[in-house]
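A look at the structure
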There are 6 protein chains.
Amino acid sequence: MTLEQRIAQSETRIFKAVFPSTTNHYDTLFGGTAMQLMDETAFITATRFSRQRMVTVSSNRIDFEKPIPSGTIIELHGKVDYIGNTSLKVQVDIYIEQMYSEFREKAISGEFTFVAIDENKQPVAILK
Amino acid sequence: MTLEQRIAQSETRIFKAVFPSTTNHYDTLFGGTAMQLMDETAFITATRFSRQRMVTVSSNRIDFEKPIPSGTIIELHGKVDYIGNTSLKVQVDIYIEQMYSEFREKAISGEFTFVAIDENKQPVAILK
Amino acid sequence: MTLEQRIAQSETRIFKAVFPSTTNHYDTLFGGTAMQLMDETAFITATRFSRQRMVTVSSNRIDFEKPIPSGTIIELHGKVDYIGNTSLKVQVDIYIEQMYSEFREKAISGEFTFVAIDENKQPVAILK
Amino acid sequence: MTLEQRIAQSETRIFKAVFPSTTNHYDTLFGGTAMQLMDETAFITATRFSRQRMVTVSSNRIDFEKPIPSGTIIELHGKVDYIGNTSLKVQVDIYIEQMYSEFREKAISGEFTFVAIDENKQPVAILK
Amino acid sequence: MTLEQRIAQSETRIFKAVFPSTTNHYDTLFGGTAMQLMDETAFITATRFSRQRMVTVSSNRIDFEKPIPSGTIIELHGKVDYIGNTSLKVQVDIYIEQMYSEFREKAISGEFTFVAIDENKQPVAILK
Amino acid sequence: MTLEQRIAQSETRIFKAVFPSTTNHYDTLFGGTAMQLMDETAFITATRFSRQRMVTVSSNRIDFEKPIPSGTIIELHGKVDYIGNTSLKVQVDIYIEQMYSEFREKAISGEFTFVAIDENKQPVAILK
C-alpha cells in the first residue's frame, strides 16, 4: 500500500447534530466542544494511519471562522498532511450543513501534531 | 441528481474512540450508548437525504453481534435503504477497528424508520 | 420464591426530568437518549431477575409513539416477559407525565433480549 | 384522594447501574454524582406530589454511610415526609444492590425542602 | 508552614459558565448540578489541605438562596473551616457574576465533612 | 481601576479532579477534554475582563508538555496577556497537582484570541 493509499484509508469523519447539550448562551456550538471533537478526530486519524500508540504534542493555530448555530449538522474531517520520522500532523476541518438545504461551508480548521511512542513511552518511527 | 446519487451523498459516518466514559462494568461499550450513537447516525442520514424535518418512528431489530472492548475505535455507518411516500428507512452498522492492527469487523447492526413532517407535524412527501 | 414473585421483585423503574441536556432541536427528548435509558432499564431488570452476568443480544422493534416535550417527567418501566433456557426478554415502556397535571400516557415501548454468560463468556442457564 | 394516597402515588424511584462514567479514583460512585441524583429524585417526587412549580430551598444533612462500588446497582427512593403551608420535605435514600446476589443495604440518606411558587415566583399553598 | 497558611494555600476555586447543558426547565442551573460541583470543590479543598485520602462523610444544610440564571458565570469557593482529629470540614459558597456587569452575589452555601483514611480504609490523623 | 487591576481581578481558576469520565485508554486526561476546559477558562477570563460579548477567534499553538494521569488534580489558570482595539488574548496554563504530595508542575499551555461584538455581531472596542 502506498503512502497516498494509507493517507486516504485513514481519513476520518465524524458527523454530529448540534443540540442544546453542546451549545453556549449565544445558542451556538461552544468553542471548547468543537475543540474536543477536533482532537478526537485528529487522534483517531493519526492512530488509524500509524496503527501505533499516538500522543498529542500540540495543536497549531485553530481558526474559528464561522459560528455554528444550534439546529445544524456538522461534519469533522481529519486527514494526515505531514509525516516526519517520529511525528505526524493531521489537518482537521469542521463543515456546517444546514438541515433543510444543501448549503454547506467550512466553519473551523486546525492542525494537530502527534508522536508515536512505544510501551516505555519512548518515541518510535511512524513508518516501520 | 438521481436517487442513487442522493443516497450516496447522504451516507453518514461517525468515528469514535471507546474510552472509559462510554463503557460498562465489563469494560466494553455500554449497549445503550451504542444505541444512542446509532439513532444519531440514522437521524443525520435521514435529514441529509430528505432535507426535511424527520422524526424517528421506530427502530427495527438491532443485533449486538460482538462486544466492543474499551481501547478500540468504532465507525458507525448510516445509509438510506428504503424510500416510501412519507417515510424512509436507514440501515446503521457499527464496525470495530483495533487501534494497533488493520483488523476490522462488524459488531452491531440495525434499521431505523423516519417520517417527514411539516411545521404542523403533518406527514409530507419525502421526495418533493 | 415463585417465578411470578421473582418477576415482580425485579421490576425496575427510572424517573427522569426532561431538561435541555437531553433534548434535540425540536425541544423534545432525543430518540437516542430514550434508547440509552431503555437499554439501561432493561439491563438492570434482567440482572436483578437472574443475578447473573447478562449481555444484550438484541432489541426488537421499538415504537416511538409520542414525542416527549422538554419540561415533562418520564418514567421508564422494565419487566421480564419471557424466560428461556439461557436467554430472557424484558419489556420496557416509557410513560410521559405532565408536571402540573395528572395526565400520563405511554410514549415509547420496546423489548430487549439478554443472555446469561459465565466467566468464560459461555451461555449458562437463567434458572439455576 | 387522601393525603396518604397522594404521598404513596408520588413515591419516585430511580435505578442506575454504577459504571466508570460515574466513579471517582477510588472506583466508587463520586459523592457529587450521588447528590445530583438525589436532588433529581427529590425534585420529581415534590413535583409529582404537588403538581405545582417547585424550587429547592435547602438540603438538610446528607449522610454518606457506605461507599458504593463500581459494578453495583443503586436504587434511589424519594417520599414526601412533611407538608407545610407553602413548603414540603422529601426524604431520599440510596440503596446498593449487588448484581449477583440478593444483598441490599442503605448507603446514603438525606432530606430536601422545596417551596411551591406561582408564575411570578411568589410562594403559593401546597394543598389547594 | 502554619495552619493558617495551609488553609489559605488549599483554598480552591472553580469558575463555570452556565450553559444549557446544566440548566433545568426554568432556565436556571439545576440544583443537583450545583451540588455535584460543590462536592467536587469540597473534595479537592480537603485533599489539597491534608494530602491524604479523603472520603465524604456528610454534607450539612445547603441553602439555595438565589436561583442562578442561564447565561451567567458562577464561582465556587471552598475553604477548610474546621480541623478535627481524623475529620475536617469545608465551607463551599457559590457566587453568581453577571457576564456584562460587575454585579456579583452569593447564591448557594453549604458545608461538607470529610475523614482521612489509610489504605485499609481506617481513619487516620489529619495532621501528621 | 487601572488596567493592571482589571487584569488581576479577571484572573480565572478552575480546579478539577481527574476521574475516569475524563480519561482516555492510556488512563490519562483526554487531550480534547483539556482543550474544552482551556477554552471555557479563556472565555470566562475574557468576559470577566471586558464585561462584553466575547467570541473565540482562534487558539494559538497549544503545547501538551506532560500527560495528566487519572487520580490527580488539575488547576487551569487564565489571564489576559494582550489588549488590542477590538480583540484581546488570554494565556491559559494547566498545572498538575499530586493528590498526596505537594508536587506541582505545568502540563499544558496555550493562548486564545477573542473579539468583542455588539448585539448586531459587529466588533466593538474592548476598552470603553
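The helix and strand tally for chain A stands at two helices and six strands. The principal-axis extents of the C-alpha atoms in chain A amount to approximately 45 × 30 × 20 Å. Residues classed as buried in chain A amount to 59% of the 128 residues present. The contacts in chain A between residues at least 6 apart in sequence include a share of 70% that link residues at least 24 apart.

This paragraph deals with the relation of the copies chain B and chain C. By a simple turn and slide, chain B fits onto chain C: the slide is 0.0 Å along the axis, the RMSD is 0.0 Å, and the turn is 180 degrees. Such a turn and shift between the copies fits a two-fold axis. Looking at the interface residues of chain B, 100% of them are also at the interface in chain C, so both copies use one shared face.

Here we take up unusual backbone geometry. The general pattern is negative phi for most residues beyond glycine and trans for most peptide bonds. Residue and element names in this part refer to chain D. One non-glycine residue, Arg51, lies in positive phi territory at about 50 degrees. Inspection of the secondary structure assignment puts Arg51 in the loop between helix H2 (31-50) and strand S2 (53-59). On the basis of relative accessible area, Arg51 is assigned to the buried category, the value being 12%.

With an axial shift of 0.0 Å and an RMSD of 0.0 Å, the rotation relating chain A to chain F amounts to 180 degrees. Here 100% of the interface residues in chain A have copies in chain F that are interface residues too; the copies meet face to matching face.

For the rest of this paragraph, the subject is the environment of Leu3 of chain B. All names here are of chain B. You can see Leu3 is positioned in helix H1 (residues 3-9). Placed 124 residues apart in sequence, Leu3 and Leu127 show a C-alpha to C-alpha distance of 9.6 Å. Aside from chain neighbours lying at most four places away, what touches Leu3 is Phe49, Ile83 and Leu127.

The next point concerns the pattern of salt bridges. Counted by the stated rule, this structure contains 66 salt bridges over all chains. Put simply, Lys16 of chain E and Glu40 of chain F hold a salt bridge, and the shortest N to O gap is 3.8 Å. One end of the pair, Lys16 of chain E, is in strand S1 (residues 12-17); the other, Glu40 of chain F, is in helix H2 (residues 31-50), on a second chain. For Lys16 of chain E, a relative accessible area of 22% translates into the label partly exposed. Ionic contacts of the salt-bridge type, sharing partners, join the residues Glu11, Arg13, Glu75, Glu97, Glu102 and Arg104 of chain A together with Arg48 and Arg51 of chain B into one network.

The next subject is the interface of chain B and chain C. The parts lose accessible area when they come together, and the size of an interface is often stated as this lost area. In this assembly, 24 residues from chain B lie in contact with 24 residues from chain C. Across the chain B/chain C interface, buried area totals approximately 2100 Å², and carbon plus sulfur atoms make up 57% of it. Of all residues in chain B, the largest losses of buried area upon contact with chain C belong to Tyr26, Met35 and Gln36 of chain B, amounting jointly to 27% of the total for that side. Inspection of the region where chain B meets chain C yields zero salt bridges. Across the contact surface, chain B and chain C share 10 residue pairs in polar contact (both at pLDDT 80 or more). Of all elements in the fold, only helix H2 (31-50), strand S2 (53-59) and strand S3 (62-64) of chain B reach the threshold of two or more residues within the side of chain B that touches chain C. Taken together, the residues of the side of chain B that touches chain C break down into 10 nonpolar, nine polar and five charged. Pairing of S3 of chain B with strand S2 (residues 53-59) of chain C, which is carried by two bridges, proceeds in the antiparallel orientation.

Moving on, we come to the confidence of the model for chain A. Summarising the model, chain A shows a mean pLDDT of 94, and 100% of its residues fall at 70 or more. Predicted complex metrics record ipTM = 0.93 and pTM = 0.94.

Helix length check: helix H2 (residues 31-50) of chain E (20 residues) gives 29 Å between terminal C-alpha atoms against 28 Å at 1.5 Å per residue, within 8%. Arg51 of chain E lies just past H2 of chain E and shows a positive phi near 55 degrees.

Contacts between the two partners involve 24 residues from chain A, matched on the other side by 24 residues from chain F. Carbon and sulfur atoms make up 57% of the area that chain A and chain F hide from each other, which totals about 2100 Å². The interface formed by chain A and chain F holds zero salt bridges in total. At the surface where chain A touches chain F, the tally comes to 10 residue pairs in polar contact (both at pLDDT 80 or more). Taken together, the elements giving at least two residues each to the side of chain A that touches chain F come down to helix H2 (31-50), strand S2 (53-59) and strand S3 (62-64) of chain A. Considering every element that reaches the side of chain A that touches chain F, the biggest residue donor is H2 of chain A, with eight residues. Of the residues contributing to the side of chain A that touches chain F, the split by class is 10 nonpolar, nine polar and five charged.

A few words now on the side chain of Asn24 of chain A. Its location among the elements puts Asn24 of chain A in the loop between strand S1 (12-17) and H2. For Asn24 of chain A, a relative accessible area of 8% translates into the label buried. At 2.9 Å, the side chain of Asn24 of chain A forms a polar contact with the backbone nitrogen of Tyr26 of chain A. Ignoring any residue separated from it by four or fewer positions in sequence, one finds Asn24 of chain A in contact with Leu29 and Phe30 of chain A together with Phe19 and Pro20 of chain E.

All right, on to the pairing of strand S4 (residues 73-83) of chain A then. All names here are of chain A. Bridging between S1 and S4 involves six bridges; their strand directions are antiparallel. Note that in S4 the partner of Lys16 across the bridge is Ile74. Here 10 bridges tie S4 to strand S5 (residues 87-97), and the two strands are oriented antiparallel to one another. For Lys79, the partnering residue across the bridge sits in S5 and is Gln91.

Before going further, it helps to examine the arrangement of the chains. Taking C-alpha atoms only, the smallest gap left between chain A and chain D, which are not in contact, amounts to 17 Å. At their nearest point, the C-alpha atoms of chain C and chain F are still 17 Å apart, with no contact between the two.

It is worth spelling out the packing of helix H1 (residues 3-10) of chain C against helix H2 (residues 31-50) of chain C at this point. Residue and element names in this part refer to chain C. Interhelical geometry of H1 versus H2 gives an angle of 140 degrees and a closest axis separation of 8 Å. Relative to H2, the element H1 lies oblique. Handedness of the H1/H2 crossing: right-handed. Taken together, the residues of H2 that come into contact with H1 (itself represented by Leu3, Arg6, Ile7, Gln9 and Ser10) are Thr45, Arg48, Phe49 and Ser50. Tallied by class, residues from the contact of H1 with H2 come to three nonpolar, four polar and two charged.

In the structure shown here, the tally under the stated rule is 12 aromatic pairs over all chains. Members of the aromatic cluster, joined through ring pairs, are Phe19 of chain A, Phe43 of chain B together with Phe30 of chain C. Note that Lys89 of chain A overlies the ring of Tyr82 of chain A, its terminal NZ or CZ placed 5.4 Å from the centroid. Over the ring of Phe49 of chain B we find Arg6 of chain B; its NZ or CZ atom is 4.6 Å from the centre of that ring.

Turning our attention to the pairing of strand S2 (residues 53-59) of chain F. Taken together, the six bridges between S2 of chain F and strand S6 (residues 104-117) of chain F define a ladder with antiparallel strand orientation. Each residue of the ladder has a partner; that of Ser59 of chain F, found in S6 of chain F, is Phe112 of chain F.

About the cut-offs
- Residues numbered from 1 in each chain as written.
- Chains lettered and ligands numbered in written order.
- Predicted model: local features only at pLDDT ≥ 70, side-chain atom pairs only at ≥ 80, totals over all residues.
- Heavy atoms only, no water.
- Helix = DSSP H or I, 4+ residues; strand = E, 2+ residues; numbered from the N terminus.
- Buried < 20%, exposed > 50% of the residue type's maximum accessible area, 1.4 Å probe, protein only.
- Contact = heavy atoms within 4.5 Å.
- Least-squares fit on C-alpha atoms with pLDDT ≥ 70 in both.
- Salt bridge = Lys/Arg side-chain N within 4 Å of Asp/Glu carboxyl O.
- Buried area = accessible area lost by both parts, 1.4 Å probe.
- Polar contact = N/O pair within 3.5 Å; in protein donor to acceptor, adjacent residues only side chain to side chain.
- Nonpolar A, V, L, I, M, F, W, Y, C, P; charged D, E, K, R; others polar.
- Pairing = 2+ DSSP bridges.
- pLDDT = per-residue confidence, 0-100.
- Expected span 1.5 Å × (residues − 1).
- Axes fitted to C-alpha atoms, helices over the stretch in contact; angles between N-to-C directions.
- Parallel < 35°, antiparallel > 145°, perpendicular 65-115°, else oblique.
- Left-handed = near helix turned anticlockwise from the far one by under 90°.
- Phe/Tyr/Trp six-rings, centres within 6.5 Å; stacked < 30°, edge-to-face > 60°.
- Lys NZ or Arg CZ within 6 Å of the ring centre and 35° of its normal.

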